[in-house]
Amino acid sequence: MSNYCLISSLSLMSKIECIVKGRLTDHLSSHNLLNPHQSAYCKHHSTETSLLYIYNHLINAIGSQKLSCLCLLDLSAAFDTIDHDILITRLSSWFGIHGSVSNWFKSYLSSRTFRVKCDNHLSSSCACLCGVPQGSVLGPLLFIMYTSPLSTLISSLSLNHHLYADDTQLFLSFRPPDFDSSVTHLQNALQRISSWMTANLLTLKLFQNGISAHWYPTTTH
């Protein structure tokens with residue numbers, strides 16, 4: 001049951017989202033505000049571009065006789081935990097969305113309810129105070145805008161990375177003598193990332209079960 005996803009029942013008026021998404025995308029593109037490290041929900045980007053980006057980095061590391069560490073991060077119920085106040089503030093401070101447009105997004109996110117159905121039993125309605133509507137047109141785009149500061153944080157930690165929706169790939173290449181210091185640097189960076197996630201009400205699955213990383217040795221013995 002913990003893996004069940006919400007199904008949004010959207011009205012016909014929600015088709016206006018397509019217009020809003022088009023204008024919002026044009027605004028982000030014309031002002032170069034889209035996250036260059038995000039491959040999801042972006043034109044000409046896909047899972048293939050995400051994989052090729054990482055693959056190219058690892059192949060270049062092999063050519064330079066370096067070791068590579070790839071750490072895969074995953075979020076738990078990411079779309080359901082987005083804080084509306086943080087999102088609205090981020091739309092304003094990071095993406096220049098103010099005034100009546102900001103008020104429209106506040107209205108879009110507010111006054112939503114949810115119910116739980118089990119067999120023929122239906123619960124009473126409860127206010128939905130966080131998250132973006134599952135299956136909506138705008139939900140995915142709002143999510144990647146919400147997590148855009150994560151890329152800035154990771155870059156400041158001197159780590160290579162790429163994102164696809166709520167999946168984050170961290171990778172670091174280094175010389176064999178620098179193995180211990182590089183692993184320590186990665187662990188410290190993960191703690192910083194975890195703190196950012198917590199502050200933004202996002203939950204890393206990685207830290208629930210301990211750190212899990214994949215090592216790709218690029219030298220032979």
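What you see is a predicted model, and the numbers here were worked out from it, not measured in a lab.

Caption draft 1: Quick peek at the packing of helix α3 (residues 84-95) against helix α4 (residues 99-109). Their axes nearest at 10 Å, the elements α3 and α4 cross at an angle of 160°. Considered as vectors, α3 and α4 are oriented roughly antiparallel to each other. At the point where α3 passes α4, the crossing takes the right-handed sense. On α4, the residues touching His84, Leu87, Ile88 and Leu91 of α3 are Ser102, Phe105, Lys106 and Leu109. Looking at the contact of α3 with α4, its residues break down into 5 nonpolar, 2 polar and 1 charged.

Caption draft 2: A look at the packing of helix α1 (residues 16-30) against α4. Running from N to C, α1 and α4 point in directions that differ by 140°, and their axes come no closer than 13 Å. As far as their axial angle goes, α4 and α1 are oblique. Every pair of crossing elements has a handedness; the one defined by α1 and α4 is left-handed. The residues of α4 that touch α1, namely those facing Ile16, Glu17, Val20 and Leu24, are Trp104, Phe105 and Tyr108.

Caption draft 3: Here's a closer look at the nonpolar core. Residues Leu91, Phe105, Leu142, Met145 and Ile193 are the most contacted members of the largest nonpolar core, which totals 45 residues. Only α1, β1 (67-74), α3, α4, α5 (139-146), α6 (148-156), β7 (167-174) and α7 (179-199) provide two or more residues apiece to this core. The residues touching Met145, leaving out its near neighbours within four places in the chain, are Leu24, Leu28, Arg90, Leu91, Phe95 and Ile97.

Caption draft 4: View of the confidence of the model for the protein chain. For the protein chain, per-residue confidence averages 85 on the pLDDT scale, and residues scoring 70 or more make up 86% of the total. Of all the helices and strands in the protein chain, strand β8 (residues 213-216) carries the lowest mean pLDDT, 42, while α3 carries the highest, 96. Within the model, pLDDT remains below 50 along residues 207-221, and this stretch shows 32 contacts once partners closer than five positions in the same chain are excluded.

Caption draft 5: Here's a closer look at the side chain of His161. Examined against the element boundaries, His161 turns out to sit in strand β6 (residues 160-164). Of note is the side chain of His161, whose polar atom sits 3.0 Å from the side chain of Ser151.

Caption draft 6: Up close: the environment of Ala127. Relative to the helices and strands, Ala127 resides in strand β5 (residues 126-127). The contact partners of Ala127, leaving out residues within four places of it in the chain, are Arg112, Thr113 and Phe114.

Caption draft 7: Representation of the pairing of β7. With respect to burial, β7 is a largely interior element, 7 of its 8 residues being buried. Alignment of β1 against β7, held across 8 bridges, turns out to be antiparallel. By the bridge assignment, Leu72 is partnered in β7 with Gln169. One ladder, built from 5 bridges, connects β6 with β7; its direction is antiparallel. Within β7, the position partnered with His162 by the bridge is Gln169. Linking β6 back to β7 in an antiparallel pair, the connection comprises 2 residues, with Ala165 at a positive phi of about 55°.

Caption draft 8: Layout of α3. With 12 residues, α3 extends 15 Å between its outermost C-alpha atoms, agreeing within 8% with the 16 Å of an ideal straight helix rising 1.5 Å per residue. If you check which residues of α3 are buried, you get His84, Leu87, Ile88, Arg90, Leu91 and Phe95. Angular distribution of buried residues about the axis of α3 spans 160°; they occupy a single face of the element. Within α3, the exposed residues directed more than 90 degrees away from the buried face are Asp85 and Ser93. Looking at the packing, one finds that the buried side of α3 touches α1, α4, α5, α6 and α7. The backbone nitrogen of Asp85 has a side-chain oxygen 3.1 Å away, supplied by the residue at the start of α3, namely Asp83. Immediately downstream of α3, the backbone of Gly96 shows phi near 65°, a positive value.

What counts, and where the lines are drawn
Residues numbered from 1 in each chain as written. Predicted model: local features only at pLDDT ≥ 70, side-chain atom pairs only at ≥ 80, totals over all residues. Heavy atoms only, no water. Axes fitted to C-alpha atoms, helices over the stretch in contact; angles between N-to-C directions. Helix = DSSP H or I, 4+ residues; strand = E, 2+ residues; numbered from the N terminus. Parallel < 35°, antiparallel > 145°, perpendicular 65-115°, else oblique. Left-handed = near helix turned anticlockwise from the far one by under 90°. Contact = heavy atoms within 4.5 Å. Nonpolar A, V, L, I, M, F, W, Y, C, P; charged D, E, K, R; others polar. Core = buried A, V, L, I, M, F, W, Y, C linked by side-chain atoms within 4.5 Å. Buried < 20%, exposed > 50% of the residue type's maximum accessible area, 1.4 Å probe, protein only. pLDDT = per-residue confidence, 0-100. Polar contact = N/O pair within 3.5 Å; in protein donor to acceptor, adjacent residues only side chain to side chain. Pairing = 2+ DSSP bridges. Expected span 1.5 Å × (residues − 1). Arc of directions from axis to C-beta.

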